[in-house]
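Letter by letter, the chains look like this.
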Amino acid sequence: AALAAAKKHGDGRHCRATPQLTAAYTLSTGLEQDLQAAVAQGAFHLNWMPAIDTATERVVSFEALVRWNRPGHGEVSPALFIPVAEAGGLIEQIDAWVLRAACKEAQSWEQALGISVNVSPVWLSHSRLPNLLKRVLEETGLEPNRLQIELSERSSMEQDGNVRRELSQVRAMGVRLALDDFGTGYSCLSTLITYPFDQIKLDRQFVQALGHDRRAEAVTRSMLQMVQALGMTSCAEGVETEEQLAFLDAHGCEEIQGYLIGRPIPKLPLRKLNQDDSDTALEPISSD
Ligand code: C2E
Ligand code: MG
Ligand code: MG
Ligand code: MG
């Protein structure tokens, strides 16, 4: 059903910008052509963004974020080229490249930290995601319980038995699932009930309103309570101030990401991680 619905909206492709805008922009700048070349060459690299445990302030995982240095243009934001890749049928190759590169790199770290990888909702049909994960985990030897997959709430994840089965298959492999950008756009509470997410990532939009918007604070508190009641963990995105951190901590948000904690970086400063309590060795993240 999801596939049929997606087809109706444009050939199984999901995009954030309007198709007209994306098409016009893409045509006028040759972006898609350059992106095609980049995909063929694997001309991407990764940045890593830490997430900390709010209570202990220890780094628990890193999120892989794709970067593209477009010849003659410098670094292009994924917020711009991911929708073009989704519209142009290139996203699966990019996501597969990122997943492989991220798992491989994480295998070389001396600490068995968790990693989180974003994948486009375009994957959610025909069981392609479980197959890709199985292949990449086998190839790289990464422990499945070190991997989390982030699916953005940007796209509508309508009720679909096939998608639910597919996501359950992923979890059965020991890989965790996060719902990214929660609270924006296509917010649908039934998504939380229908699909087996382990973690909900609270969108930056809510975090930024903390401290000066009572209504956004009330919604944030309620979302955190709900997530907890459903047995999932929460991670707040885009935390930039101590005040935001204090609010989220006080209301039971388990994990924090944002410029206050650390910006995305190309390589990990491994020896500096969690060094203030180096007597307790960092444990691999458990799968539950
Ligand atoms: P996301 O997964 O929600 O990632 C968080 C984005 O917010 C990142 O932008 C990050 O740099 C930014 N950010 C994090 N903390 C802060 C903060 O405190 N302040 C501000 N101003 N920004 C913050 P980035 O790297 O540009 O990525 C944008 C989006 O592109 C990601 O949002 C994700 O949806 C998508 N994306 C990135 N890599 C991939 C990928 O490999 N595959 C797919 N399908 N999508 C990706
Ligand atoms: Mg993400
Ligand atoms: Mg996010
Ligand atoms: Mg976000």
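Higher on the page you've got the structure.
Residues numbered from 1 in each chain as written. Chains lettered and ligands numbered in written order. Predicted model: local features only at pLDDT ≥ 70, side-chain atom pairs only at ≥ 80, totals over all residues. Heavy atoms only, no water.

A. Spatial organisation of the state of the cysteines. By the definition in use, this model includes zero disulfides. Here Cys103 stays unpaired: no disulfide links it, and the sulfur of Cys235, its closest cysteine neighbor, is 19 Å away. Among the residues examined, Cys103 registers a relative accessible area of 1% and is labelled buried. In this structure Cys235 is not part of a disulfide, and its nearest cysteine sulfur, from Cys253, lies 6.4 Å away. (Disulfide = S-S within 2.5 Å. Buried < 20%, exposed > 50% of the residue type's maximum accessible area, 1.4 Å probe, protein only.)

B. Representation of helix H4 (residues 78–87) in the model. Buried residues dominate H4, accounting for seven of its ten residues. Turning to H4, its buried residues number three or more, namely Pro78, Phe81, Ile82, Pro83, Val84, Ala85 and Glu86. (Helix = DSSP H or I, 4+ residues; strand = E, 2+ residues; numbered from the N terminus.)

C. Quick peek at the pairing of strand S8 (residues 233–236). Relative to S8, strand S7 (residues 199–202) is paired through four bridges, and the arrangement is parallel. Directly across from Leu202, in S8, lies its bridge partner Ala236. Both S8 and strand S9 (residues 255–256) contribute to a ladder of two bridges, which runs parallel. Each residue of the ladder has a partner; that of Ala236, found in S9, is Ile256. Handedness of the crossover joining S8 and S9 through helix H11 (residues 242–250): right-handed. (Pairing = 2+ DSSP bridges. Right-handed = clockwise from strand over helix to strand, strands pointing away.)

D. Region of the structure containing the site of ligand 1. Taken together, 26 residues are adjacent to ligand 1, and Arg67, Asp95, Asp180, Glu240 and Tyr259 come closest. Arg67 has a polar side-chain atom sitting 2.8 Å from an oxygen atom of ligand 1. One of the side-chain N or O atoms of Asp181 is found 3.1 Å from an oxygen atom in ligand 1. Of all the secondary structure elements, the ones that give two or more residues to the shell around ligand 1 are strand S2 (59–70), H4, helix H5 (91–107), strand S4 (114–119) and strand S6 (176–182). Split into classes, the residues belonging to the shell around ligand 1 amount to eleven nonpolar, five polar and ten charged. (Near = heavy atom within 4 Å. Polar contact = N/O pair within 3.5 Å; in protein donor to acceptor, adjacent residues only side chain to side chain. Nonpolar A, V, L, I, M, F, W, Y, C, P; charged D, E, K, R; others polar.)

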